[in-house]
Amino acid sequence: MTTFLPKKMIKISFLLCFIILASSGLSSGYATKPKISTYELKKGDISVNLTNWGATIISLVLPDKYGKLADVVLGYDSINEYKNDTCYIGALVGRVANRIGGAKFTLNGKQYKLVANEGKNILHGGKIGFSDVIWKVKKYQNEGPNPHIVFTYHSYDGEQGFPGDLLVTVAYTLFGRNKLVVAMKAKALNKPTPVNLAQHTYWNLGGHNSGDILSNYVQIFGSQITAVDSELIPTGKFTPVKGTPYDFLKPHSVGSRINKLPKGYDINYALDGVPYGKKLKRVAVVYDKKSGRSLDLSTTAPGVQFYTGNFLKDVKGKGGFVYQAHGALCLETQGFPDAVNHPNFPSTIVTPQRPYKHVMLFKFSSKAPPNFSRV
């Protein structure tokens with residue numbers, strides 16, 4: 001596979017200012033229960049459809065190298081199917097994404113017992129996490145230079161066992177000619193609490209109904225993973241990826257080493273670069289040679305969960321297409337899993353004085369080969 005020299009990262013300070021403004025103005029609760037609806041953002045050849053059920057991305061349509069449009073994210077045809085989904089397809093997950101071992105943690109000397117939903121552990125916020133609630137639409141604008149929508153949710157004290165009231169926003173914005181920005185914010189109102197939000201879109205750049213992603217080329221800018229036990233709970237140790245099946249420091253196809261793993265990829269990478277929250281850093285590049293589409297992701301978060309849809313099995317998706325294992329991949333930028341139980345991990349504790357911020361920048365292309373970096 002040919003690699004390419006990196007291009008200079010675009011300046012984005014003005015972008016972050018826009019996102020902060022778009023994400024501000026949290027509601028302290030709902031006077032009436034919001035209705036479930038769908039919303040479209042469209043700019044040029046890119047269109048995104050979303051719903052306030054789980055602040056979910058329903059579709060994202062992009063042209064290929066021939067100009068042919070296709071929907072490149074997995075999803076369903078109806079809101080009821082999203083309500084019955086067990087794979088978190090397209091959703092905003094929290095209050096704490098990923099896993100917390102034993103569904104418990106201790107904060108300021110008090111132990112909190114959470115609602116376990118994966119054996120004895122908790123995954124993606126519990127039995128009713130942020131992916132299974134109705135969000136309020138704070139702002140929606142599908143005209144002008146930056147079409148965007150802002151969802152808000154008030155998570156109550158004790159929800160799924162987590163302490164304190166929490167006000168959450170996520171803003172989705174189409175920016176420039178080919179960019180999608182996801183900006184997440186959360187404010188603790190009265191108690192310290194862990195917060196770790198993640199966007200759980202399943203990507204297949206060939207099209208949601210094009211089959212598996214094993215031929216996709218991927219580069220991940222993380223030289224270590226957080227080692228896990230048999231239940232995918234971090235041990236607290238870091239393992240270098242070099243020379244292992246987890247090594248994507250140089251781009252190679254997803255399928256080239258996946259048979260060396262029990263089911264596929266489902267691991268958190270500790271991203272290289274600047275510390276948590278300081279500025280955007282590159283996460284990964286994904287390239288589908290057949291369509292010519294590429295995805296280049298940056299984030300302010302310290303980690304990314306690389307997941308290859310290992311547990312998809314006979315999932316009836318859009319247009320009746322049935323999704324199977326490795327039918328898509330996820331790049332869930334996040335704080336480290338189980339950080340509340342590992343003091344050596346970057347803290348995920350949010351206080352009234354220390355709010356939560358997390359930005360993702362997706363850059364799409366089909367006009368030129370992807371900007372893989374030399375290592």
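Labelled according to an unreviewed UniProt entry, the protein appears under the name Aldose 1-epimerase, originating from Trema orientale. Heading Catalytic activity (unreviewed entry) of the UniProt record for the protein holds this comment: "alpha-D-glucose = beta-D-glucose".

### So, the packing of aromatic side chains
Within this structure, the stated rule accounts for 23 aromatic pairs. An angle of 70° between the planes, with centres 5.2 Å apart, marks the rings of Tyr-39 and Tyr-140 as edge-to-face. Here Tyr-140 lies in strand β10 (residues 136-141) and Tyr-39 lies in strand β1 (residues 38-43), a separation of 101 residues in the sequence. Looking at Tyr-39, the relative accessible area reads 15%, which means it is buried. Ring plane angle 70° and centroid distance 6.3 Å describe the contact between Tyr-39 and Phe-151, whose orientation is recorded as edge-to-face. With Tyr-39 in strand β1 and Phe-151 in strand β11 (residues 148-155), the pair connects residues that are 112 residues apart, well separated along the chain. Here the two residues Tyr-39 and Phe-151 agree in accessibility, since each one is buried. Feature note: the residues Tyr-39, Tyr-140, Phe-151 and Tyr-172 constitute an aromatic cluster, connected by ring pairs. The ring of Trp-53 has Lys-83 sitting right over it, with the charged end atom 5.5 Å from the ring centre.

### Points about the environment of Thr-169
Tracing the backbone through its elements, the reader meets Thr-169 in strand β12 (residues 166-175). Along the backbone, Thr-169 and Val-181 are 12 residues apart, and their C-alpha atoms lie at a distance of 13 Å.

### Structural notes on the nonpolar core
Ranked by size, the top nonpolar core spans 60 residues in total, and within it Trp-135 and Tyr-172 carry the most contacts. Counting residues in each nonpolar core, the second largest holds 15 residues, with Ile-58, Tyr-76, Ile-134 and Tyr-307 among its members.

### Quick notes on the sheet that holds strand β18 (residues 234-240)
If you walk across this open sheet you meet the 5 strands as β18-β17-β20-β23-β26, and the pairing is antiparallel. Only two strands of the sheet have a single partner each, and these edge strands are β18 and β26 (330-334). The sheet shows a mean angle of 30° between the axes of neighbouring strands, direction not considered. Relative to strand β23 (residues 303-307), strand β20 (residues 266-270) runs antiparallel, the two being bridged by 5 bridges. Note on β23: the bridge partner recorded for Tyr-269 is Val-304.

### Here's the deal with the environment of Ser-253
Summarising the element assignment, Ser-253 is placed in strand β19 (residues 252-253). For Ser-253, a relative accessible area of 15% puts it in the buried group. With 28 residues separating them in the primary sequence, Ser-253 and Ile-225 have C-alpha atoms 19 Å apart. Discounting chain neighbours no more than four positions away, the residues touching Ser-253 are Leu-214, Ser-215, Asn-216, Tyr-217 and Phe-248.

### Digging into empty space enclosed by the protein
Under the criterion given, the structure shown has 2 cavities of 30 Å³ or more. One number sums up the size of the largest cavity: a volume of about 50 Å³. Every residue along the wall of the largest cavity is listed here: Asn-98, Arg-99, Thr-226, Val-228, Leu-232, Asp-266, Ile-267, Asn-268, Gln-305 and Pro-337. Mapped onto the lining of the largest cavity, the elements with two or more residues apiece are β17 (224-228) and β20. Counted as a void, the second largest cavity has a volume near 40 Å³. Contributing to the lining of the second largest cavity are Val-96, Ala-97, Ile-100, Pro-194, Asn-196, Phe-336, Pro-337, Asp-338, Ala-339, Val-340 and Thr-348. The class makeup of the residues in the lining of the second largest cavity is 8 nonpolar, 2 polar and 1 charged.

Rules used throughout
Residues numbered from 1 in each chain as written. Predicted model: local features only at pLDDT ≥ 70, side-chain atom pairs only at ≥ 80, totals over all residues. Heavy atoms only, no water. UniProt positions renumbered as here; feature names shortened; annotations may be inferred. Phe/Tyr/Trp six-rings, centres within 6.5 Å; stacked < 30°, edge-to-face > 60°. Helix = DSSP H or I, 4+ residues; strand = E, 2+ residues; numbered from the N terminus. Buried < 20%, exposed > 50% of the residue type's maximum accessible area, 1.4 Å probe, protein only. Lys NZ or Arg CZ within 6 Å of the ring centre and 35° of its normal. Core = buried A, V, L, I, M, F, W, Y, C linked by side-chain atoms within 4.5 Å. Pairing = 2+ DSSP bridges. Axes fitted to C-alpha atoms, helices over the stretch in contact; angles between N-to-C directions. Contact = heavy atoms within 4.5 Å. 1 Å grid on protein atoms, 1.4 Å probe; cavity = no way out; pocket = protein on both sides within 12 Å on 5 of 7 lines; lining within 4 Å. Points joined across faces, edges and corners; volume = space filled by probe spheres on them. Nonpolar A, V, L, I, M, F, W, Y, C, P; charged D, E, K, R; others polar.

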